[in-house]
Amino acid sequence: MKKLYTFPQRYLLLSVPLTLLLGFIIGAIIDTSFLKSTILIATIIMIYATMVGLKLKELTSVKGSKVLGYSIFINFLIVPAVAFLLGKTLLSNHPIMFAGLALSALLPTSGMTISWTAIQKGNVNAAVKLTVFGLILGSLLTPWYLLLMVGEYVDINILETFQTIGLVVFVPLILGQITFRLLMKKYSMEQFQKKIKPNFAPLSIWAMLYVVFVSISMKASMILSNLELIALALMVLIAFYAMNYVISTFFAKKFLSREDGIALVNGTVLRNLSIAIGLAATSFGAEAALIVTIAFIVQQQTIAYYGKLANKYWFKPANKIQTT
């Protein structure tokens with residue numbers, strides 16, 4: 001059972017495409033619209049699982065303020081501008097997909113920000129701070145940015161968007177903190193980190209895959225009759241991530257140390273796609289969810305390749321630098 005439970009997490013690059021395929025097949029055969037009301041519940045579970053153990057106290061620390069400043073500038077000025085430029089030029093005829101791209105651009109950082117920073121031996125504490133600030137600022141600013149970016153193409157209900165974000169971000173955040181405090185009464189921090197916290201990650205992935213399945217299967221016939229949508233989404237996302245990698249790497253190399261630079265890249269290129277797909281599916285529909293779903297694949301693939309190249313060329317570990 002444990003192997004089955006952890007399978008999607010261990011094979012994420014396989015799980016997401018398989019879920020997409022399954023959604024298309026089942027959605028083409030039967031009507032799954034009766035599952036629409038369950039998307040919000042699954043989204044709350046998905047985000048809740050990532051919130052257990054989130055270190056809110058990192059917000060009060062002055063360490064990492066420099067990298068945080070650069071991340072805010074990139075995440076809330078440059079990245080939205082990149083998404084807006086791509087959306088205006090390539091998605092003007094597909095406003096719902098434009099909204100999905102905008103959501104991906106407006107919600108920075110995820111648990112992967114911390115994980116990849118640790119893998120690349122970067123500044124993990126800074127990555128945690130970037131994750132917490134990115135989550136909170138992104139949640140507060142997203143409705144207004146959406147109105148500015150896609151308001152002329154898609155009807156944006158500011159109050160409704162805030163309510164949705166409150167449900168899928170702040171409710172899980174509060175529940176996650178309550179769960180963490182209760183667990184701390186029974187387990188030590190070391191026991192929590194080693195034995196308890198790893199069990200939450202697969203739950204988040206399962207819930208995410210469910211959201212992907214339902215949102216895609218509901219509109220499978222429409223999407224399958226317009227396969228160019230998938231090709232278009234892939235092209236836009238490759239351009240989006242490529243530009244973000246170049247911009248973030250420039251700032252990291254120019255202004256920061258190696259460790260802080262790694263945290264900056266991971267905190268600005270990696271987007272919080274778990275929240276984005278929940279908002280896309282509940283607020284905009286299948287086309288928006290489709291582009292965010294494909295972003296999962298692009299993001300996971302590119303960060304793996306980027307990490308290898310960065311360690312070899314521009315973020316060389318200290319011991320390698322000394323021996324070359």
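(A) Up close: the overall build of the protein chain. Helix and strand content of the protein chain: 16 helices and zero strands. Scaling as 2.2 N^0.38, a compact globule of 324 residues should have a C-alpha radius of gyration of about 20 Å, and the protein chain matches this with 19 Å. C-alpha extents for the protein chain along the principal axes are approximately 60 × 50 × 35 Å. Counting all 324 residues of the protein chain, 51% fall into the buried class. Pairs at least 24 apart in sequence give 82% of the contacts found in the protein chain among residues at least 6 apart. Carbon together with sulfur atoms contributes 68% to the accessible area of the protein chain, which is approximately 15,000 Å² in total. The positive charge centre, built from 26 side chains, and the negative charge centre, built from 10, are 17 Å apart in the protein chain.

(B) Broad picture of unusual backbone geometry. Notably, K121 is not glycine yet its phi reads approximately 60 degrees, a positive angle. Following the sequence through the fold, K121 ends up in the loop between α6 (111–119) and α7 (124–150). Judged by relative accessible area, which is 61%, K121 ranks as exposed.

(C) Fine view of the packing of helix α3 (residues 38–51) against helix α14 (residues 273–283). Here α3 crosses α14 at 170 degrees, and the two axes come no closer than 10 Å. Between α3 and α14, the crossing angle belongs to the class labelled roughly antiparallel. In this structure, α3 contributes I39, L40, T43, M46 and I47 to the contact, and α14 contributes S274, I275, I277, G278, A281 and T282. A breakdown of the residues in the contact of α3 with α14 according to their chemical character gives seven nonpolar, four polar and no charged.

(D) Here's a closer look at the environment of I247. By secondary structure assignment, the location of I247 is in helix α12 (residues 228–255). Sequence spacing of I247 and I74 is 173 residues, and the spatial spacing of their C-alpha atoms is 8.3 Å. The residues contacting I247, other than those within four sequence positions of it, are I78 and V82.

(E) Highlighting the packing of aromatic side chains. Applying the stated criterion across every chain yields a total of 15 aromatic pairs. Residues W144 and F162 carry aromatic rings whose centres are separated by 5.8 Å and whose planes lie at 65 degrees to one another, so their mutual orientation is edge-to-face. Placement of the pair is W144 in helix α7 and F162 in helix α8 (residues 158–184), with a sequence separation of 18 residues. Residue class for F162 comes out partly exposed when judged on its relative accessible area of 29%. With centroids separated by 6.4 Å and ring planes inclined at 90 degrees, the aromatic side chains of F250 and F255 adopt a geometry described as edge-to-face. According to the relative accessible area criterion, F250 is partly exposed, its value standing at 49%.

(F) Expanded view of the environment of F133. Turning to its location among the elements, F133 is positioned in helix α7. With a relative accessible area of 23%, F133 lands in the partly exposed category. Between the alpha carbons of F133 and I72 there is a distance of 8.6 Å; along the sequence they are 61 residues apart.

(G) Inspection of the pattern of salt bridges at higher detail. Summed over all chains, the structure comprises one salt bridge. For E190, the salt bridge identified is with K194, shortest N-O distance 3.0 Å. Placement of the pair is E190 and K194 together in helix α9 (residues 189–196), with a separation of four residues, close to one helical turn. An identical accessibility class is assigned to E190 and K194; each is exposed.

(H) Just the nonpolar core, in detail. One finds L101, M208, F240 and Y241 to be the most contacted residues of the largest nonpolar core, which totals 98 residues. The dominant element in this core, judged by the number of residues it contributes, is helix α15 (residues 286–312), at 13 residues. Ranked by size, the runner-up nonpolar core spans eight residues in total, among them Y48, A49, F180 and F192.

(I) Structural detail: the side chain of S217. Positionally, S217 belongs in helix α10 (residues 200–218). With residues near it in sequence (within four places) discarded, S217 still touches G23, G27 and T32.

(J) Quick look at the packing of α14 against α15. At a minimum axis distance of 8 Å, the contact between α14 and α15 shows a crossing angle of 165 degrees. Here α14 is positioned roughly antiparallel relative to α15, judged by the angle of their axes. In this structure, α14 crosses over α15, and the sense of that crossing is left-handed. Of the residues in α15, those in contact with L273, S274, A276, I277, A280 and A281 of α14 are A288, A289, V292, T293, A295, F296 and Q299. Here the contact of α14 with α15 is composed, by residue class, of 10 nonpolar, three polar and no charged.

(K) Representation of the environment of L20 within the structure. Position of L20 relative to the elements: it lies in helix α2 (residues 12–29). Looking at L20, the relative accessible area reads 9%, which means it is buried. L20 sits 236 residues away from L256 along the chain, and the two C-alpha atoms are 39 Å apart. The residues touching L20, leaving out its near neighbours within four places in the chain, are V212, I216, L290, T293 and I297.

About the criteria used
- Residues numbered from 1 in each chain as written.
- Predicted model: local features only at pLDDT ≥ 70, side-chain atom pairs only at ≥ 80, totals over all residues.
- Heavy atoms only, no water.
- Helix = DSSP H or I, 4+ residues; strand = E, 2+ residues; numbered from the N terminus.
- Rg over C-alpha atoms; globule rule 2.2 N^0.38 Å.
- Buried < 20%, exposed > 50% of the residue type's maximum accessible area, 1.4 Å probe, protein only.
- Contact = heavy atoms within 4.5 Å.
- Areas by Shrake-Rupley, 256 points an atom, 1.4 Å probe, with all protein chains shown as cover.
- Lys, Arg positive; Asp, Glu negative; His and termini not counted.
- Charge placed at Lys NZ, Arg CZ, Asp CG, Glu CD.
- Axes fitted to C-alpha atoms, helices over the stretch in contact; angles between N-to-C directions.
- Parallel < 35°, antiparallel > 145°, perpendicular 65-115°, else oblique.
- Nonpolar A, V, L, I, M, F, W, Y, C, P; charged D, E, K, R; others polar.
- Phe/Tyr/Trp six-rings, centres within 6.5 Å; stacked < 30°, edge-to-face > 60°.
- Salt bridge = Lys/Arg side-chain N within 4 Å of Asp/Glu carboxyl O.
- Core = buried A, V, L, I, M, F, W, Y, C linked by side-chain atoms within 4.5 Å.
- Left-handed = near helix turned anticlockwise from the far one by under 90°.

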